Amino acid sequence: MKILLLGATGRTGIHIIKESIKRGHNISAIARNPEKLKDFEIEITEGTPYDYDTVEKAITGCDAVINTLNVSRKSDNPWASLTAPKDLISRSASNAIKAMEKAGTDRFVALSTIGAGRSWQSTPWILKFIVSISNFKYAFRDHGRQEKLLEKSSLRYTICRAPMLSAKINNTGAVATPEGEKPASMYLSRNSAAEFFMKIIEDGEYIRETISLSNRPE
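Owing to the predicted nature of the structure, the values given are computational and were not obtained by experimental measurement.

Cut-offs used in this document
- Residues numbered from 1 in each chain as written.
- Predicted model: local features only at pLDDT ≥ 70, side-chain atom pairs only at ≥ 80, totals over all residues.
- Heavy atoms only, no water.
- Axes fitted to C-alpha atoms, helices over the stretch in contact; angles between N-to-C directions.
- Helix = DSSP H or I, 4+ residues; strand = E, 2+ residues; numbered from the N terminus.
- Parallel < 35°, antiparallel > 145°, perpendicular 65-115°, else oblique.
- Left-handed = near helix turned anticlockwise from the far one by under 90°.
- Contact = heavy atoms within 4.5 Å.
- Nonpolar A, V, L, I, M, F, W, Y, C, P; charged D, E, K, R; others polar.
- Salt bridge = Lys/Arg side-chain N within 4 Å of Asp/Glu carboxyl O.
- Buried < 20%, exposed > 50% of the residue type's maximum accessible area, 1.4 Å probe, protein only.
- Phe/Tyr/Trp six-rings, centres within 6.5 Å; stacked < 30°, edge-to-face > 60°.
- Lys NZ or Arg CZ within 6 Å of the ring centre and 35° of its normal.

> Can you walk me through the packing of helix 3 (residues 88-103) against helix 5 (residues 136-152) in this structure?
When two helices pack together, their arrangement is captured by the angle between the axes and the distance separating the axes. Two numbers describe how helix 3 lies on helix 5: the axes approach to 7 Å, and their chain directions differ by 20°. The orientation of helix 3 relative to helix 5 falls into the category roughly parallel. The way helix 3 lies across helix 5 gives a crossing that is right-handed. Counted together, L88, I89, S90, A93, S94 and I97 of helix 3 and A139, D142, H143, R145, Q146, L149 and L150 of helix 5 form the full contact between these two elements. The residue makeup of the contact of helix 3 with helix 5, split by class, is 7 nonpolar, 4 polar and 2 charged.

Shown next as structure tokens:
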């Protein structure tokens, strides 16, 4: 299986590359700086998923798309200035949807966030406050735009809303919770996300569903 990965050089993207290689799959990645991916035997298209022609080129022969993009900032500080366009997630998703429809590819897995889209209504007020006064808001808004694009499409999508993402390795696996239900925890390791994404693509699970994704409480 060949997968187009949007966000391949990001902290979650690297785990997805490693997991896909371990499972015997091929990755097509888009990178402005291909040198960042030189340690992996994958297909790389130089450019950005913000550009449609780049996405159309990279999706050739792919069976699925995973989008882990975020509206990144200079640091993890909520008030740090942005280093990406405010609509990077949704525009890249829009480009992918268009290219997928043209190529006949229909499986899309999106990494979103708890608090995006409809889940904003049930978000704790303190998080709402922090998001609204910081640069977090741009990512939350754009994740919501991506969710709407996918729901309006004919694709076999899965939207995975994550809580706090962590670089800490967790071997207990991710737990999927139906939309509207409380997640198992407010923590998700990036390696668990990668394992889950690959599994549901392989097994054809959670088609046209929006779920919360987290690790089991420790």
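> How should I be thinking about the pattern of salt bridges in this particular structure?
Think of it this way: side chains of opposite charge can pair up when their charged atoms draw near. Enumeration according to the criterion identifies 15 salt bridges in this entry. Note that E147 and R161 form a salt bridge whose closest N and O atoms lie 2.8 Å from each other. Remark: R161 occurs in strand 6 (residues 156-162) and E147 occurs in helix 5; sequence separation between them is 14 residues. The same class applies to E147 and to R161, which are both buried.

> Sorry, what's going on with the packing of aromatic side chains here?
Working definition: an aromatic ring pair is given by the centre-to-centre distance plus the angle between the planes. Evaluation of the coordinates by the stated rule reveals 3 aromatic pairs. Taking 6.5 Å as the distance between ring centres and 75° as the angle between the ring planes, the aromatic pair formed by W120 and F140 counts as edge-to-face. With W120 in the loop between strand 5 (107-113) and helix 4 (125-133) and F140 in helix 5, this residue pair connects regions lying 20 residues apart in the sequence. Look at F136 and F140: their rings are 6.5 Å apart centre to centre, the planes differ by 55°, and that puts the pair in the tilted class. Residue F136 and its partner F140 are located together in helix 5, separated by 4 residues, close to a single helical turn. A residue is classified by how much of its surface remains accessible, and F140, at 13% relative accessible area, is buried. Here a set of aromatic residues connected by ring pairs shows up, and it is made of W120, F136 and F140. Above the plane of the ring of Y50 lies R91, whose end atom (NZ or CZ) is 4.1 Å from the centre. A cation over a ring is seen here: K98 above Y52, with NZ or CZ 4.4 Å from the ring centre.

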